[in-house]
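Report on the structure
Residues per chain, in single letters:
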Amino acid sequence: MVELSNRQEKIIEIVKHNGPITGEHIAERLNLTRATLRPDLAILTMAGFLDARPRVGYFYTGKTGSELLTEKIKKFQVSDYQSVPIVVDEGASVYDAISTMFLEDVGTLFIVDDRSCLIGVVSRKDLLRAAIGKQDLSTLPVHIIMTRMPNVTVCRKEDLLIDVANHLINKQIDGLPVVKDTANGMEVVGRITKTTITKVFVELIADNHI
Ligand code: ADP
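Looking only at helices and strands, the chain has nine helices and eight strands in total. Against the globule reference of 17 Å for 210 residues, the chain gives a C-alpha radius of gyration of 25 Å, more extended than a compact globule. Counting only C-alpha atoms and orienting by the principal axes, one finds that the chain spans roughly 80 × 35 × 25 Å. A buried classification covers 38% of the 210 residues belonging to the chain. For the chain, contacts bridging at least 24 residues in sequence account for 56% of all contacts bridging at least 6. In the structure as shown, the chain presents an accessible area of about 12,600 Å², 52% of it carried by carbon and sulfur atoms. With 25 positive and 27 negative side-chain charges, the chain shows a separation of 6 Å between the mean positions of the two kinds.

Written out as structure tokens, the structure reads:
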């Protein structure tokens, strides 16, 4: 949340009690010039605390810092946060899938057909389950053990990050593929994982976001 200066807090109080009020009049009450106040008014308007109407003046929006922050977070879109997806061909072996997971340092692999369309998902535990079985991992195809369509939960780049975060919680999964609809099916263009959401959480605090 934005840390407001003393002066900005005072401006909010003045507008709250006297709005609509012009910049000129706010400046008078603070014994400052209009020019000195301009950056403060710009910050307060951009952050959403105040609203400005030409020739009328400033209004108090009535929104608290946390309401404004919530509004902002609710607008975060998948496209701004997605990371690179790691895909594996359906014919690859479980052994290859395990190697890819280590090499690429991911926890979820997306399985695609020969037209690069999404057909399934494989998680760490899917691979562990296969590994404790009796099968030969180098000949067992990954598509046998994957969670397959239409049971794969997907998202699209214009979706809201908060909706994806809710899917991760409700379905108890670590990540979703970001897909693009094509004539052949769904092409995997990205991924959103629990790590993505954790990073957003940390950035929000680091950036003093509003
Ligand atoms: P892990 O199994 O390693 O804890 P997850 O919690 O992500 O990892 O996976 C749990 C199960 O859900 C696995 O069987 C996996 O195949 C499946 N799964 C993972 N991601 C998705 C998804 N996006 N849609 C549907 N099922 C998924």
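Let us keep going from here.
What follows concerns the packing of aromatic side chains. In the structure shown here, the tally under the stated rule is one aromatic pair. A ring pair is formed by F76 and Y81, whose centres lie 5.3 Å apart and whose planes are at 40°; its orientation type is tilted. For F76, a relative accessible area of 9% translates into the label buried. Of note, R53 hangs over the ring of F59, and the distance from its end group to the ring centre comes to 4.2 Å.

Moving on to the site of the ligand. Around the ligand lies a shell of 15 residues, among which S123, D126, T147, T153 and D174 are the nearest. Here S123 contributes a side-chain N or O atom positioned 2.8 Å from an oxygen atom of the ligand. Here D126 contributes a side-chain N or O atom positioned 2.5 Å from an oxygen atom of the ligand. When the ligand is considered free in solution it has 540 Å² of accessible area, and contact with the protein chains removes 84% of it. When residues of the shell around the ligand are traced back to their parent elements, those giving at least two are β5 (118-123), α6 (124-131) and β7 (175-181). Classifying every residue of the shell around the ligand gives five nonpolar, six polar and four charged.

Another aspect to go through is helix α9 (residues 194-206). The first and last C-alpha atoms of α9 sit 19 Å apart over 13 residues, in line with the 18 Å expected at 1.5 Å per residue. Among the residues making up α9, those that are buried are T196, V200 and L204. Down the axis of α9, the buried set is contained in an arc of 75°. They therefore lie on one face. Turned more than 90 degrees away from the buried face of α9 sit K199, F201, V202, I205 and A206, all of them exposed.

Considering the arrangement of structural elements, one finds Q8 in helix α1 (residues 6-18). By relative accessible area, which is 6% here, Q8 ends up buried. In terms of polar contacts, Q8 uses its side chain to reach the backbone amide nitrogen of S5, at 3.0 Å. Looking at Q8, its side chain comes within polar contact range of the side chain of D40, at 3.0 Å. Look past the residues within four positions of Q8 in its chain and what remains in contact with it is E3, D40, I43 and L44.

Right, let's get into the sheet that holds strand β6 (residues 147-148). With mixed pairing, the four strands of this open sheet are ordered in space as β3-β4-β5-β6. Unpaired on one side and paired on the other, β3 (87-89) and β6 mark the two borders of the sheet. With three bridges joining them, β3 and strand β4 (residues 108-112) adopt parallel strand pairing. Counterpart to V88 in the pairing with β4 is I111. Packed onto the sheet, helix α5 (residues 94-104) meets β3, β4 and β5 and runs at close to 130° relative to β4. Strand contacts of α6: β5 and β6, with the helix running at about 75° to β5, the strand carrying the most contacts.

What follows concerns the pairing of β5. The buried fraction of β5 is high, at five of six residues. Across five bridges, the pairing between β4 and β5 is antiparallel. Each bridged residue has a counterpart across the sheet, and for T108 the counterpart in β5 is S123. Between β4 and β5, which pair antiparallel one after the other, the connecting turn spans five residues, and S116 there sits at a positive phi close to 65°. Note: β5 against β6, two bridges, orientation antiparallel. Residue pairing in the sheet places V121 in a bridge with T147 of β6.

Rules used in this analysis
- Residues numbered from 1 in each chain as written.
- Predicted model: local features only at pLDDT ≥ 70, side-chain atom pairs only at ≥ 80, totals over all residues.
- Heavy atoms only, no water.
- Helix = DSSP H or I, 4+ residues; strand = E, 2+ residues; numbered from the N terminus.
- Rg over C-alpha atoms; globule rule 2.2 N^0.38 Å.
- Buried < 20%, exposed > 50% of the residue type's maximum accessible area, 1.4 Å probe, protein only.
- Contact = heavy atoms within 4.5 Å.
- Areas by Shrake-Rupley, 256 points an atom, 1.4 Å probe, with all protein chains shown as cover.
- Lys, Arg positive; Asp, Glu negative; His and termini not counted.
- Charge placed at Lys NZ, Arg CZ, Asp CG, Glu CD.
- Phe/Tyr/Trp six-rings, centres within 6.5 Å; stacked < 30°, edge-to-face > 60°.
- Lys NZ or Arg CZ within 6 Å of the ring centre and 35° of its normal.
- Near = heavy atom within 4 Å.
- Polar contact = N/O pair within 3.5 Å; in protein donor to acceptor, adjacent residues only side chain to side chain.
- Nonpolar A, V, L, I, M, F, W, Y, C, P; charged D, E, K, R; others polar.
- Expected span 1.5 Å × (residues − 1).
- Arc of directions from axis to C-beta.
- Pairing = 2+ DSSP bridges.
- Axes fitted to C-alpha atoms, helices over the stretch in contact; angles between N-to-C directions.

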